[in-house]
Amino acid sequence: MTFSDFNFKETLNQAISDAGFKEPSPVQADAIPLILEGHDLIGQAQTGTGKTAAFGLPIIQQMSGNKGVEALVIVPTRELAMQVSDELFRFGKTAGLKTATVYGGTAYNKQIDRINQANIIVATPGRLQDLLKSNRITINPSFVVLDEADEMLDMGFLEEIKNIFTYLPAERQTLMFSATMPKQIKILAEKILKSPKSVTITKSERTNTDITQLFYVVADYERDDALLRLIDYKNPNKCIIFCRMKKEVDRLSSYMTAQGFKVAALHGDMEQKQREHTIRSFKQGLVEIFIATDVAARGLDVNDVSHVFNYHIPFDSESYVHRIGRTGRAGNKGEAITLVSPNELRTIKRIEKDVGTVMVSEVIPTRQEVQSRKDGDLLSKIANTKVSTSAKEMVKTLQHDLDIVTIAHLLATIVQEEIDVKGKDIIGLGSEEVKALIERAKNWKGGDRNGGGRGRSRNRSRGGDRRGGGGRGRDGDRRGGGNRESRNGGGNRGSRNGGNRNRD
Ligand code: ADP
Ligand code: MG
């Protein structure tokens, strides 16, 4: 099946191909035709299966674009609101559709202005109810979507949702998406949907997702060391470290920063602006390590997260599924790593049973293992590095006077200094600069350097770590690692004993 089978308008096909979507995901293949026929729908599928486009595309296809807010999407969190509206904007912009995002914690007036100009709004329940109740906005959407309905239930939004529907027109197409179908969601569905069709995507159909799930048994006092060791060893492209509490997020991010890692923290107490900024810098790859609480990372859609670390195993199975679902997205492979103390092994068993998955036990790598993995990485990096002509010339010139080992050593030192201090790349050096370098190299005695402004080096050993840990040389370019062979896919969601969640 291809997207052209849906006979979308040209503008929409354009947007789909701009987004790089080649073929519909299973939930899209099933849901889109039903939505185009005008049915109400209940869609049950896990995160990362492409639900946003599953409802977004057929809604946009059916929108006229000239009657105010024509589509309303309700989502549980601010992050999801931004994410879903970004995705819908992508699909709608070729048809000139405007989207607005509506959530708490920001000024009303600007938001209301945006709503009044929008064709599609994506809202969290609290703020939306607020605006409707106080008559600040009146909307008449022909399409209403409840996304992540079970999350909204967990977060205690059921009453808000019911109330919001009293302000919506009876004549509408309503779609509801949920990863699980607890009883209260079924009851809600009977209330708000009219003879809905249903689409269920089970685990086995999640062919594009592959998350290896590992756990490591550690004593409580070893958690920090174990985590850093694993990060060194796994060398993640981008990773999220989950903590149970904000306090832990703060502590761990100070600790890791002090250890020379570049991390960003995300939790519910942060100001909206700061959260957005943090998420953006993670998406853009400016920060590679993200430390977050569950609520902060709800639905977070960053496609290239190679590893998820559970600093502590989450209390309930459902948040485990949510957490690990941050990796292995959009057809990528991912690894989910959980640290447990011996008395948490029972929790592992319970989650495995609830989720229908297997977590594989592994042992924290030794210092030697970390080192040899890194040496291997370095060797392959060297093998894959193109050597510039200027660098070759320089080596040739120096060979008149010096042996090759000395040349390698001093170039590594001097060139690194050049890069650190001047932000320069050897490849970008002009011939005058190369000459100057050669002069410096010839006069270099070795051993007489006093650190030469190498700035904050991450390449130092962590004293006192009884497992060593050695130097954590973290090379500039750290693509590659991470994607290991798969062992088992995600799994069904199981028990729901939703802990105390932060609400929007
Ligand atoms: P869900 O809501 O089910 O968790 P999303 O709608 O957030 O999933 O989609 C997950 C990611 O997959 C997004 O980055 C989205 O752009 C991408 N995606 C969705 N559908 C497709 C598709 N048909 N082809 C390629 N990528 C897709
Ligand atoms: Mg979604």
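Residues numbered from 1 in each chain as written. Chains lettered and ligands numbered in written order. Predicted model: local features only at pLDDT ≥ 70, side-chain atom pairs only at ≥ 80, totals over all residues. Heavy atoms only, no water.

A. Focus on the overall build of the chain. When helices and strands are counted, the chain shows 19 helices and 14 strands. Partitioning the contacts of the chain with sequence separation of at least 6, the portion at a separation of at least 24 is 77%. Carbon and sulfur atoms provide 49% of the accessible area of the chain, an area that totals close to 22900 Å². (Helix = DSSP H or I, 4+ residues; strand = E, 2+ residues; numbered from the N terminus. Contact = heavy atoms within 4.5 Å. Areas by Shrake-Rupley, 256 points an atom, 1.4 Å probe, with all protein chains shown as cover.)

B. How the structure looks around a nonpolar patch on the surface. On the surface, L378, L379 and I382 cluster together to form a nonpolar patch covering roughly 300 Å² of accessible area. Assignment of secondary structure puts L378 in helix α16 (residues 367-383). Taking the relative accessible area as the measure of exposure, L378 reaches 38% and is therefore partly exposed. (Patch = residues over 30% accessible without salt bridge, like charges linked within 9 Å, V, L, I, M, F, W, Y side chains within 5 Å. Salt bridge = Lys/Arg side-chain N within 4 Å of Asp/Glu carboxyl O. Buried < 20%, exposed > 50% of the residue type's maximum accessible area, 1.4 Å probe, protein only.)

C. Broad picture of the sheet that holds strand β13 (residues 333-340). The strand order across the open sheet formed by seven strands is β10-β11-β9-β12-β13-β8-β14, and the pairing between neighbours is parallel. Lying at the two open borders of the sheet, with one neighbouring strand each, are β10 (263-266) and β14 (360-362). For this sheet, the mean angle separating the axes of adjacent strands, direction not counted, is 25°. In this structure, strand β8 (residues 210-217) lies alongside β14, joined through three bridges in parallel fashion. From the neighbouring strand, L214 faces β14, where its bridge partner is V360. (Pairing = 2+ DSSP bridges. Axes fitted to C-alpha atoms, helices over the stretch in contact; angles between N-to-C directions.)

D. View of helix α11 (residues 246-258). Between its first and last C-alpha, α11 extends 18 Å over 13 residues, near the 18 Å set by a 1.5 Å rise per residue. Residues E248, V249, L252, S253 and M256 constitute the buried set of α11. Buried residues of α11, seen end-on, are gathered within an arc of 125° and therefore sit on one face of the element. Residues of α11 that are buried sit in contact with α10 (223-234), β9 (239-242), β10 and β11 (289-292). (Expected span 1.5 Å × (residues − 1). Arc of directions from axis to C-beta.)

E. Up close: the site of ligand 1. As a matter of local geometry, ligand 1 sits amid 18 residues, with E23, Q28, G48, T52 and D301 nearest to it. Contact between ligand 1 and K51: an oxygen atom at 3.0 Å from a side-chain N or O atom of the residue. Protein contact buries 86% of the 560 Å² of open area that ligand 1 shows by itself. Breaking the shell around ligand 1 down by element, the ones donating at least two residues are α3 (51-62) and α4 (78-92). Mapped onto the domain boundaries, the shell around ligand 1 takes at least three residues apiece from domain 1 (3-201) and domain 2 (211-365). (Near = heavy atom within 4 Å. Polar contact = N/O pair within 3.5 Å; in protein donor to acceptor, adjacent residues only side chain to side chain. Domains from an automatic or database assignment.)

F. View of the confidence of the model for the chain. For the chain, per-residue confidence averages 80 on the pLDDT scale, and 81% of positions sit at 70 or higher. This stretch, residues 204-208, has a pLDDT under 50; its non-local contacts, to residues over four places away or in other chains, come to nine contacts. Confidence drops under pLDDT 50 across residues 447-504; counting only partners more than four residues distant or on other chains, this segment forms 155 contacts. (pLDDT = per-residue confidence, 0-100.)

G. Broad picture of the sheet that holds strand β4 (residues 120-123). Taken in spatial order, the seven strands make up an open sheet running β3-β4-β2-β5-β6-β1-β7, and their pairing is parallel. Only two strands of the sheet have a single neighbouring strand rather than two, namely β3 (99-102) and β7 (197-200). When strand polarity is set aside, the average angle formed by the axes of neighbouring strands in this sheet is 15°. Across four bridges, strand β5 (residues 143-146) lies against strand β6 (residues 173-178) in parallel orientation. Residue pairing across strands places F143 opposite Q173, the latter belonging to β6. Across the face of the sheet, α3 comes into contact with β2 (71-74), β4, β5 and β6 while running at roughly 170° to β6. Relative to the sheet, α4 contacts β2, β3 and β4, its axis offset from that of β3 by approximately 175°.

H. Up close: the packing of helix α8 (residues 158-165) against helix α9 (residues 183-192). Contact geometry of α8 with α9 gives a least axis separation of 11 Å together with a crossing angle of 5°. It follows that α8 is roughly parallel to α9 by the angle criterion. Contact residues: L158, I161, K162 and F165 in α8; Q184, L188, K191 and I192 in α9. For the contact of α8 with α9, a count of residues per class yields five nonpolar, one polar and two charged. (Parallel < 35°, antiparallel > 145°, perpendicular 65-115°, else oblique. Nonpolar A, V, L, I, M, F, W, Y, C, P; charged D, E, K, R; others polar.)

I. View of the nonpolar core. Counting 38 residues, the largest nonpolar core has F55 and L57 as the members making the most contacts within it. Elements supplying a minimum of two residues to this core: α1 (10-18), α2 (26-36), α3, β2, α4, β4, β5 and β6. The contact partners of L57, leaving out residues within four places of it in the chain, are F3, F8, L12, I16, I32 and F91. Ranked by size, the runner-up nonpolar core spans 36 residues in total, among them L72, L146, L168 and I185. (Core = buried A, V, L, I, M, F, W, Y, C linked by side-chain atoms within 4.5 Å.)

J. Quick peek at the side chain of D40. Mapped onto the secondary structure, D40 falls in the loop between α2 and β1 (41-44). For the buried D40, no salt bridge is present, and the opposite-charge side chain at shortest range is R172, 6.0 Å distant. Within the local environment of D40, its side chain forms a polar contact with the backbone nitrogen of T174, the two atoms lying 2.8 Å apart. One polar contact links the side chain of D40 to the main-chain amide nitrogen of K194, over a distance of 2.7 Å. Contact partners of D40, with chain neighbours within four places excluded, come to R172, Q173, T174, L175, I192, L193, K194, P196 and K197. (Lys, Arg positive; Asp, Glu negative; His and termini not counted.)

K. Molecular detail of the environment of R323. Tracing the backbone through its elements, the reader meets R323 in helix α14 (residues 317-324). We classify R323 as buried; its relative accessible area is 1%. Ignoring any residue separated from it by four or fewer positions in sequence, one finds R323 in contact with F242, C243, R244, D294, V308, N310, H312, I313 and P314. Side chain to side chain, R323 and N310 meet in a polar contact 2.9 Å long.

L. Region of the structure containing the pairing of β9. Of the two faces of β9, the one lined by C239 and I241 and the one lined by I240 and F242 are each fully buried. One ladder, built from four bridges, connects β9 with β11; its direction is parallel. Each bridged residue has a counterpart across the sheet, and for C239 the counterpart in β11 is I289. Relative to strand β12 (residues 307-310), β9 is paired through four bridges, and the arrangement is parallel. Bridging across to β12, I241 finds its partner in F309.

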